[in-house]
Amino acid sequence: LSSDLEEKLHAIAKRHDGEVPLHGRLFAQWMHFAFPLECPFPHVAGNASVMSAKHWRSKTQDFRVKPEDKARFIQEGRANAQLLAADPLALEWNEEEVLPLQEPQRRGIISGVVRTVVQLSMILMLIRVGMVGLQFAKTTSPEKGAAIKYLSPEKGASVFVV
């Protein structure tokens, strides 16, 4: 492994208090640079939008490239080529981390209060449904000690349940 890759791995560990999260996007990106044929590049979720040509044209006034923009793109391409020759990781390395197994941060006190109120209302609703079910079961069940006769289809036999 190159010294650049080792430095990137140490930077990931430093960012997470000395540990490298194996399910994080930065480690997957490191694996891609270490083993480019075996590991795909982990793109940041949600950073691209799909747009049809008709929708794009309706949002864009003039979709032709101006000569000054062409010159700027060529200049940036040359600068990127020089940067890539000096440090191949610098161009494609993205410092944005995504940890899918990490619990999301709380939004604030109000969201916590709303969440608690919703949970309590759900519990009360379940208790209410249970109480109605019990009342229904009591009113439809036979009195204690009464016998119910069930007829069996075989030879007219009958069974009594108390």
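You'll find the structure just up there.
Model, not experiment: these values are computed from the prediction. (Residues numbered from 1 in each chain as written. Predicted model: local features only at pLDDT ≥ 70, side-chain atom pairs only at ≥ 80, totals over all residues. Heavy atoms only, no water.)

**Quick look at the overall build of the chain**
Here is step 1: The helix and strand inventory of the chain stands at six helices and two strands.
Here is step 2: The buried share of the chain, taken over its 162 residues, is 12%.
Here is step 3: Split by element, the accessible area of the chain, about 14,100 Å² in all, is 61% carbon and sulfur. (Helix = DSSP H or I, 4+ residues; strand = E, 2+ residues; numbered from the N terminus. Buried < 20%, exposed > 50% of the residue type's maximum accessible area, 1.4 Å probe, protein only. Areas by Shrake-Rupley, 256 points an atom, 1.4 Å probe, with all protein chains shown as cover.)

**Overview of the nonpolar core**
Here is step 1: Counting residues in each nonpolar core, the largest one holds eight residues, listed as Leu 5, Ile 12, Leu 26, Phe 27, Trp 30, Phe 33, Ala 34 and Trp 93.
Here is step 2: Among the secondary structure elements, those contributing two or more residues to this core are helix H1 (3-15) and helix H2 (25-34).
Here is step 3: When residues of this core are assigned to their parent elements, the largest contribution, five residues, is made by H2.
Here is step 4: When neighbours within four sequence positions are excluded, Trp 30 is seen to be in contact with Leu 1, Leu 5, Glu 6, Lys 8, Leu 9, Ile 12 and Trp 93. (Core = buried A, V, L, I, M, F, W, Y, C linked by side-chain atoms within 4.5 Å. Contact = heavy atoms within 4.5 Å.)

**Considerations on the packing of aromatic side chains**
To describe a pair of aromatic rings, you give the distance between the ring centres and the angle between the ring planes.
Here is step 1: In the structure shown here, the tally under the stated rule is two aromatic pairs.
Here is step 2: Ring plane angle 15° and centroid distance 5.9 Å describe the contact between Phe 27 and Trp 30, whose orientation is recorded as stacked. Of this pair, Phe 27 and Trp 30 are both found in helix H2, three residues apart, which corresponds to roughly one turn of the helix. Take Phe 27 and Trp 30: they sit in the same class, and that class is buried.
Here is step 3: Seen from their ring centres, Phe 33 and Phe 41 are 6.4 Å apart, and the 85° between their planes marks the pair as edge-to-face.
Here is step 4: Judged by relative accessible area, which is 18%, Phe 33 ranks as buried. (Phe/Tyr/Trp six-rings, centres within 6.5 Å; stacked < 30°, edge-to-face > 60°.)

**Notes on the pattern of salt bridges**
Here is step 1: Within the structure shown, the criterion is met by four salt bridges.
Here is step 2: A salt bridge links Arg 15 to Glu 95; the shortest N-O distance between them is 3.4 Å. Within this pair, whereas Arg 15 is found in helix H1, its partner Glu 95 is found in the loop between helix H5 (88-92) and helix H6 (109-140), the two being separated by 80 residues in sequence.
Here is step 3: By relative accessible area, Glu 95 is classed as partly exposed at 43%.
Here is step 4: Where Asp 69 meets Arg 72, a salt bridge forms, and the shortest distance between an N and an O atom there is 3.4 Å. Of the two residues, Asp 69 and Arg 72 both sit in helix H4 (residues 67-86), three residues apart, roughly one turn of that helix. (Salt bridge = Lys/Arg side-chain N within 4 Å of Asp/Glu carboxyl O.)

**Remarks on a nonpolar patch on the surface**
Here is step 1: Together, Ile 110, Val 114, Val 118, Met 122, Met 125, Leu 126 and Val 129 make up a nonpolar patch on the protein surface, roughly 700 Å² of accessible area in all.
Here is step 2: Note that Ile 110 resides in helix H6.
Here is step 3: Ile 110 gets classed as exposed once you look at its relative accessible area, which sits at 69%. (Patch = residues over 30% accessible without salt bridge, like charges linked within 9 Å, V, L, I, M, F, W, Y side chains within 5 Å.)

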